[in-house]
Each structure stands twice: as structure tokens, then as C-alpha cells.
Amino acid sequence: MHYQVGWAKQKIDIVACGYAMHGYGQPGHRAYGTRNPLFARAIVITSDDGAPLLYCCLDLGYITHAMRQGVVATLRQRLDEAFDESRLVLTCTHTHSGPGGCAHEGLYNLVTPGFVPAHLDAVVEAAAGALNTALERQAATQIHYRHQALPDQLPVAWNRSLRAYNRNPDITPYPADQTHLALDRTMHLVSFHREGRVEAMLSLFGVHATCLGNQLDHYDGDNKGYAALHAESCLRAQGVKEPVAIFAQGTAGDVSPHYHGPGDRKRRRKLRGEAEYAYARQNGQRQSEHAFAMLKEPGEAVTGELDGVLTYVDMSDQAVAQEFANGEMGARTSAPCHGVGFFLGTPIDGPGMPAPLGFAAKRLARAERRKKLKSGAAEQAEHRKLYDSQGPKDIVLNAGRKTVLGYPLDQIPLPDLADPLVAELKRQAKLGALTQSPMVPSVLPLQILRLGNLRLVCAPGEFTTVAGRRLVGTVAKSLSLNDGETCLINTYCNDYMGYVTTFEEYQEQAYEGGHTVYGQWTLGAFQTCFVSLTEALKAPPALRRYDTQTMPATVPDSELALRSGLPPRS
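Residues numbered from 1 in each chain as written. Predicted model: local features only at pLDDT ≥ 70, side-chain atom pairs only at ≥ 80, totals over all residues. Heavy atoms only, no water.

Enquirer: Give me the lowdown on the pairing of strand E13 (residues 244–248), citing residues and values where you can.
Expert: In terms of residue burial, E13 counts as a mostly covered element, since five of its five residues are buried. The two faces of E13 match: Val 244, Ile 246 and Ala 248 on one face and Ala 245 and Phe 247 on the other face are all buried. Inspection of the sheet shows strand E11 (residues 197–204) paired to E13 by five bridges, in the parallel sense. Residue Leu 204 lies in a different strand from E13, and its bridge partner there is Ala 248. (Buried < 20%, exposed > 50% of the residue type's maximum accessible area, 1.4 Å probe, protein only. Helix = DSSP H or I, 4+ residues; strand = E, 2+ residues; numbered from the N terminus. Pairing = 2+ DSSP bridges.)

Enquirer: Describe a positive patch on the surface, naming the residues involved and giving the relevant values.
Expert: Among the surface-exposed residues, Arg 265, Lys 266, Arg 269, Lys 270 and Arg 272 lie close enough to one another that they form a single positively charged patch. Classification of Arg 272 by relative accessible area gives partly exposed; the value is 44%. (Patch = residues over 30% accessible without salt bridge, like charges linked within 9 Å, V, L, I, M, F, W, Y side chains within 5 Å. Areas by Shrake-Rupley, 256 points an atom, 1.4 Å probe, with all protein chains shown as cover. Salt bridge = Lys/Arg side-chain N within 4 Å of Asp/Glu carboxyl O. Lys, Arg positive; Asp, Glu negative; His and termini not counted. Charge placed at Lys NZ, Arg CZ, Asp CG, Glu CD.)

Enquirer: I'd like to hear about the packing of helix H1 (residues 65–79) against helix H2 (residues 117–136), residue by residue, with values.
Expert: Between H1 and H2, the least distance of the axes is 9 Å, while the angle of their chain directions is 40°. For the crossing formed where H1 meets H2, the hand is right-handed. Between H1 and H2, the residues in contact are Ala 66, Met 67, Gly 70, Val 71, Thr 74, Leu 75, Arg 78 and Leu 79 and Leu 120, Val 123, Val 124, Ala 127, Ala 128, Leu 131, Asn 132, Leu 135 and Glu 136, respectively. Considering only residue class, the contact of H1 with H2 consists of twelve nonpolar, three polar and two charged. (Axes fitted to C-alpha atoms, helices over the stretch in contact; angles between N-to-C directions. Left-handed = near helix turned anticlockwise from the far one by under 90°. Contact = heavy atoms within 4.5 Å. Nonpolar A, V, L, I, M, F, W, Y, C, P; charged D, E, K, R; others polar.)

Enquirer: Residue-level account of the sheet that holds strand E17 (residues 337–339), with values.
Expert: Taken in spatial order, the four strands line up as E17-E20-E21-E22 in an open sheet, and their pairing is antiparallel. Of all the strands in the sheet, just E17 and strand E22 (407–408) have a single pairing partner and so form its edges. The pairing of strand E20 (residues 395–398) with strand E21 (residues 403–404) spans two bridges and is antiparallel. Note on E21: the bridge partner recorded for Asn 398 is Thr 403. Strands E17 and E20 of the sheet are contacted by helix H9 (residues 380–390), whose axis makes an angle of about 120° with E20.

Enquirer: Give a description of the packing of helix H11 (residues 465–479) against helix H14 (residues 522–538) that names residues and reports values.
Expert: Look at H11 against H14: their axes get within 9 Å of each other, and the N-to-C directions meet at 30°. As the angle between them shows, H11 and H14 are arranged roughly parallel. Two packed elements cross with a definite hand, and for H11 against H14 that hand is right-handed. Of the residues in H14, those in contact with Ala 467, Arg 470, Leu 471, Thr 474, Val 475, Ser 478 and Leu 479 of H11 are Leu 523, Phe 526, Gln 527, Phe 530, Val 531, Thr 534, Glu 535, Leu 537 and Lys 538. For the contact of H11 with H14, the per-class residue count stands at nine nonpolar, four polar and three charged. (Parallel < 35°, antiparallel > 145°, perpendicular 65-115°, else oblique.)

Enquirer: Describe in detail the sheet that holds strand E26 (residues 486–490), supporting the description with residues and values.
Expert: Read from one edge to the other, the open sheet built from four strands follows the order E16-E23-E24-E26, with strand pairing classed as mixed. With partners counted over all chains shown, the strands left at the sheet margins are strand E16 (306–314) and E26, one partner each. Each adjacent strand pair in this sheet contributes to an overall mean axis angle of 15°, direction not counted. Note: strand E24 (residues 454–458) against E26, five bridges, orientation parallel.

Enquirer: Could you give an account of the pairing of strand E5 (residues 53–58), with specific residues and numbers?
Expert: Summarising burial for E5: six of the six residues are buried, a large majority. Taking every second residue as pointing to the same face, both faces of E5 are buried, with Leu 53, Tyr 55 and Cys 57 on one and Leu 54, Cys 56 and Leu 58 on the other. Pairing geometry for strand E4 (residues 39–46) and E5, over six bridges, is antiparallel. The residue of E5 that forms the bridge with Ala 40 is Leu 58. The turn linking E4 back onto E5 is made up of six residues, and Gly 50 within it adopts a positive phi angle of 95°. The pairing of E5 with strand E6 (residues 88–92) spans five bridges and is parallel. Bridge assignment links Tyr 55 to a residue of E6, and that residue is Val 89. Between the parallel pair E5 and E6, the chain is carried across by H1, and the sense of this crossover is right-handed. (Right-handed = clockwise from strand over helix to strand, strands pointing away.)

This is the structure in C-alpha cells:
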């Protein structure tokens, strides 16, 4: 099998003018300049026959369905029948210092504030432009794969949710001073060679792009962006004219780039301003240097056919197979809900509401639960299903019903001056801007790519270390991979809806569990749905029978217009 491969990158041309950045959910985290340019980086692979694999990674905090729609439309116009949407992957580095306002759904745009069409247009233009240029630059290329753990002593990543991690029965528990071991330290590297020289690379290693905190005011690619820039500089020094290095994400959900352990808060407080930029550069350079160290060892040749399958599933109402639900019958997901843990944030990477408010919110959420489940209460059966699915989560935002602690969005009993996000939420609700619009995505893209002897699980959102490991194990087992075949996971792909924890981690209701919006069986639902998707991938293309019709509902233009083009907050 011979591959034609092309790669390119294009700047995401967004002018910082005071809109809040996406990631920390802080309205004061506004961009007034650009420290390092944000890029769309693309790699395109074509074999002897069939449509190309199209892979694009953006220096952004998230991918949205609106982004994917725009890129799909552009590529379909150019490639026509040669375009296969199931072979297109959009993913991101998850920098928290990038633009927001690129979603049609309501919640994640609140902080911006609102939907910013110019931001979405710029993202689509950069992604499609990089992919089109990569298509034009295709040439004969050899592909190799390597994997190697980062040395334990290399200070790059720490588990930030150790108590939840240690709940898992299939791990070795770690003490608080060994959080750097409570994660997947393996980097996976796909390298692209011409005339015996590496000219492009794709790294998968999970660690949050949160070296830069929420007090800074410039766009920046954070550690993953710095890793790419460093690697590309090294390749240029070796004579490569147009290098592209992608440092994408694996299981980053519970993995921080900041030290977690005794004295972690004091240590984080000392890292401010220019020191944060220096640390992001150092963290990224260490990832890049590890990738180059891996290139010194022989790699496995990637050979074989290209393929891909893509389906959309409604995660708000999925039956979960017993084998992925601890043997429980009737386990289901539910409409998306955000818990107190979500609003409390993470202590080191991104603190949220103060602890006293969190305590009060828990009491109110539990009182609301008792009220809804009281004998004779209206819709008691429906509420019982919701709480059975959501388990121990203290629900603050029921994003499905669009209520906060039981109150409709336009009637939240909190003064507008108390919280600008609540004020904006109430304003939009009163305008009718959220009546039929989803708050968060629920119809989600699941995708598996085949690149020769590699399989890539492309999953939306943020998977914790163990959740991702279990999903990869499930997919690999279902695919019945042969010796020499490897299954990998790439997260933050094609859309964003929050987190995926294991059932055990979910019971802790830390930030990650509070942001696992479809309930305690979410991972089981993903495993169930991905197993179904593997059956499609195993079948010959002409014999595949799986759902390719389900898609997210279109957000009403009239509602989107009511929350579009809002001025930056003063």
C-alpha cells in the first residue's frame, strides 16, 4: 500500500477585541491581543484508491458542530464525490486561551458573550484552508508509528482528581505525592517521512492545555501550541521547508500540566504573568523533545487500507449494555445536567464558585430532589428516571429542561449584579433566544478511523485516564485486532459536550463527574455505541448497515440571531 500524504497549517485570523476566551468560563478572561498565533494544522492521507483521510487540529478550546458543518460544506464543494465525511476528523489542542462564541448551542457561548459569527467564519476558513492546501501538497510518503512513556521524573503532567481516580478497581491507587503516576504517560507518535527524513508528525498525549491561567489577556496556544512551534522549528533547522507538527490530545480529562500534591496551591499562586508563559513554553518543549527522542528509535511501518465510520447518537437517552453497567439491567443516560462539582471548578487549573456558595447550592439541589421525588409530585416517574441516571450528582443546571435549581432560566432568583453569566442567561431566556435551542449538544458524533494497522477512536469531549483506557479496550476487543494492530484514542473530536468519567469516578462528584452531563452511565453508553460502530467498520463498505441519518437538530435562525453579534463586555 502506497500513501500520498500532504500537510499544511493556516493561521486562525481572529482579532482580539475584548471577547472572553473559551475554557475557564470566566467573563473577565478577555482577549486584547495575541501572544502566539493560533493555527489550524492539517494532514491528508490518500491510498491507492478511495477517499482521503482528512485530519485537522486547531489551537482552540473546543470543536463545535457548527465548525464541522462549515468545514464539511467547503470540502464537499471542492472534492465532490471524492469526499467521505466519515473520514474527516476535526479536533483541538484544548487551549483555554483561545476564542469562544463558535457554537450554535446556548451554554458555552454565555461567557463570550453570545455567538460571534466572525469567529466561526475564521475557524472554518482556517481549517478548510489548511486541509485544501494539504490536499494540494500530497506526495509519496512513508508513515511510521511509535509509542513510548514519558519518563516518570519528567514534570509534564499530574492527575488532578486523585480521589476519584483511586476509586477505580482496575488501577493501582497512588498517594497524594505520586499524582504524576496516576495517568497514561504514553505518547503515541505517527511520523511522516520523505526521502528518509521526518517532515511532519502527529503526537497523541493527554494533558490539559491550562498552563496559562484565567488572569491573562492574550490568545495563545498554551503547552500544545508551544510543542508544535518547537517541533516545527527543529524540523526547519533540519532542512524541512514546510513542516507540520500536531500535538493533539489523548485522555486529558483528569490530567493537569500543573503540579498536584502537597503544597500545590501555594506553588500555583507563585506562577503568574510572564512566568506562566515561560512554563507553558517549557511544558510544551518537553513534549516536543520527547517526540524527537522517540524518533531516534526504529518505528513500526504503517501499512494497509484507509477507512472510516461515523455516526451520530443521542446521548441523552441511550440504553447501556449490562456488561458496561456493572451488570445492571435498564441502565440509561438522561438529559444533560450539570452538578455542583462543575460550578466549583478545579482548585489548581480553574477554580469556580467559592466553597460556601457550593455548600449552599448542594443543600438547595438536594431539597429540589426531595421535592421532585415526593409522593404525588407532578411527573414523579420522569424525575425518578432522571435521578436514577444522574445518581449522586447535586443538579444545579438541568440543561435538558432548562432550569436552575428548579427555576426556569428567566426566573433564576439571583440578582443580575451578583453574576454576569446568570444575568446574560436570564436576558437571553427572556428574549426567547433559548426556547428551542439546546443548551449543550446531545446528538454527538462517534467515529473510528483506520490508518493501515492503526485504529483511531475519535471521541467528543474530555475522557479521563481510566474512562479512555476502558473505551479503547472495548473497541480493540470488539474489532478483534491482529498482532501488530493498535487502537488509539483522540479526544475533543468533532464536537464538545463536557466530560466522560468512569462510573466509579462519577460517584466522587468532583469537577469531572459534575461535568459528565448524561449521568453515571455515560461511559457505558459510549462503550455500547462504539461497539455497534465497530461492527460497521468490520463489514465491507458495500454491506455496512448503520445509522448515517441521525444528525443534530438545526438551531432556529431566529433564536441564534437574538444572541449573535453581542458587543464585548465593558
